[in-house]
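Secondary and tertiary structure notes
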Amino acid sequence: ARASVGGNIPVAWEALRDEAAGCTRCPLYRDATQTVFGEGPVDAALMFVGEQPGDQEDLAGKPFVGPAGQMFNRALAEAGIDRASVYVTNAVKHFKFEQRGKRRIHSKPGAGEIEACRWWIDQERMLVKPRVTVALGATAARSLFGKTMAIGRERGRALALPGDGGEAWITVHPSYLLRLPDEAEKEEEFARFVEDLRRVGERVA
Ligand code: URA
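Residues numbered from 1 in each chain as written. Predicted model: local features only at pLDDT ≥ 70, side-chain atom pairs only at ≥ 80, totals over all residues.

An unreviewed UniProt entry lists the protein under the name Type-4 uracil-DNA glycosylase, from Sphingomonas alpina.

Re the overall build of the protein
Looking only at helices and strands, the protein features eight helices and seven strands. Against the compact-globule benchmark of 17 Å for 205 residues, the protein has a radius of gyration of 16 Å, which places it among compact chains. Viewed in the frame of its principal axes, the protein has a C-alpha envelope of about 50 × 45 × 30 Å. Residues counted as buried form 38% of the 205 residues belonging to the protein. Across the protein, every contact between residues at least 6 apart in sequence was considered, and the portion connecting residues at least 24 apart equals 72%. (Helix = DSSP H or I, 4+ residues; strand = E, 2+ residues; numbered from the N terminus. Rg over C-alpha atoms; globule rule 2.2 N^0.38 Å. Buried ≥ 20, exposed ≤ 12 C-beta atoms within 10 Å, placed from the backbone. Contact = placed C-beta atoms within 7 Å.)

Observations regarding the pairing of strand β5 (residues 132–136)
Counting buried residues along β5, five of its five residues qualify, which places the element largely inside the surrounding structure. On β5, burial covers both faces: V132, V134 and L136 on one face and T133 and A135 on the other are all buried. In the sheet, strand β1 (residues 46–50) pairs with β5 via four bridges, with the strands oriented parallel. Opposite M47, over in β5, you have T133 as the bridge partner. Alignment of β5 against strand β7 (residues 167–171), held across five bridges, turns out to be parallel. Looking at the pairing, L136 lines up with T171 of β7. (Pairing = 2+ DSSP bridges.)

Things to note about helix α4 (residues 111–128)
A rise of 1.5 Å per residue sets the reference length of α4, with its 18 residues, at 26 Å; its end C-alpha atoms lie 25 Å apart and thus fit the reference within 8%. The principal kink in α4, of about 40°, is found at R118. For α4, the set of buried residues is E113, I114, A116, C117, W120, I121, E124, R125 and V128. A positive backbone phi angle near 45° is found at K129, which sits one or two residues after α4. (Expected span 1.5 Å × (residues − 1). Bend = angle between axes of the 7 residues up to and from the residue.)

Examining the UniProt feature "domain: Uracil-DNA glycosylase-like" (unreviewed entry) in the protein
According to UniProt, the positions carrying the feature "domain: Uracil-DNA glycosylase-like" (unreviewed entry) are residues 37–198. Helix makes up 43% of residues 37–198 and strand 18%. Its end C-alpha atoms lie 25 Å apart. (UniProt positions renumbered as here; feature names shortened; annotations may be inferred.)

Quick word on helix α5 (residues 138–145)
The element α5 is extensively covered by neighbouring structure, given that six of its eight residues are classed as buried. All of the buried residues along α5 are T139, A140, A141, R142, S143 and L144. On its buried face, α5 is in contact with β1, α4, β5, α6 (151–154) and β7. Of the residues trailing α5, G146 is marked for its positive phi of about 75°.

Side note on the nonpolar core
Counting 42 residues, the largest nonpolar core has L46, M47, F48, V49, V134 and A135 as the members making the most contacts within it. No other element matches α4, which puts six residues into this core. If near-sequence neighbours (up to four positions away) are discounted, L46 is found in contact with V86, P130, V132, V134, V200 and V204. (Core = buried A, V, L, I, M, F, W, Y, C linked by C-beta atoms within 7 Å.)

Things to note about the packing of α4 against α5
Each pair of packed helices can be described by the angle between their axes along with the distance between the axes. In the contact formed by α4 and α5, the axes pass within 10 Å of each other and the chain directions differ by 70°. Between α4 and α5, the angle is such that the two are roughly perpendicular. As α4 runs across α5, the sense of the crossing is right-handed. Contacts between α4 and α5 involve I114, R118 and I121 from the first element and T139, R142 and S143 from the second. (Axes fitted to C-alpha atoms, helices over the stretch in contact; angles between N-to-C directions. Parallel < 35°, antiparallel > 145°, perpendicular 65-115°, else oblique. Left-handed = near helix turned anticlockwise from the far one by under 90°.)

Description of the environment of A160
Summarising the element assignment, A160 is placed in strand β6 (residues 159–160). By C-beta crowding, A160 is classed as exposed, having 11 other C-beta atoms within 10 Å. Expressed as a C-alpha distance, the spacing of A160 and T133, which sit 27 residues apart in the sequence, is 9.9 Å.

If you want it as structure tokens, here you go:
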């Protein structure tokens, strides 16, 4: 991550990241390769929150570098948002998977894992203090709002985070787009995702 200007913010962030590397707050650390902490400028105006690292993120130690990350990068670029200017993190910071032969298949994090990991994202939010936080999908929304949020109903508009958490938007997770079998629908949903990102970008322009 690029260091932010002045003060001890980057030092605090690095200390937090280093502490998270040894996290044992839930059992997921046992099978994962490493903690995948957030990444990006500590003074970013925009924070994106995903679900959890996938197979490639677990190996690389960086968020959104695999197929979902490529989809995310493409959408950000189309929305005119520079990925290097935003802070990107996940609700859950260890990869949860089921081993099937040589393959590691993603499993959805449960409420307990989201709760246990909320401590880290709360710390990240306190340090970065983004003007706008974007939940990518249901797990991120649950982590940020502390309850189940209906994406279809809540997407596309500014919402208030509980406490003095600032402004948040909810949109779909890029993996959702990867899973759509129909090409036309995929294109349509990708355009909707880009439109959500464009509106978010306007909030911090
Ligand atoms: N999916 C996520 O939610 N986060 C990542 O970092 C990668 C894939």
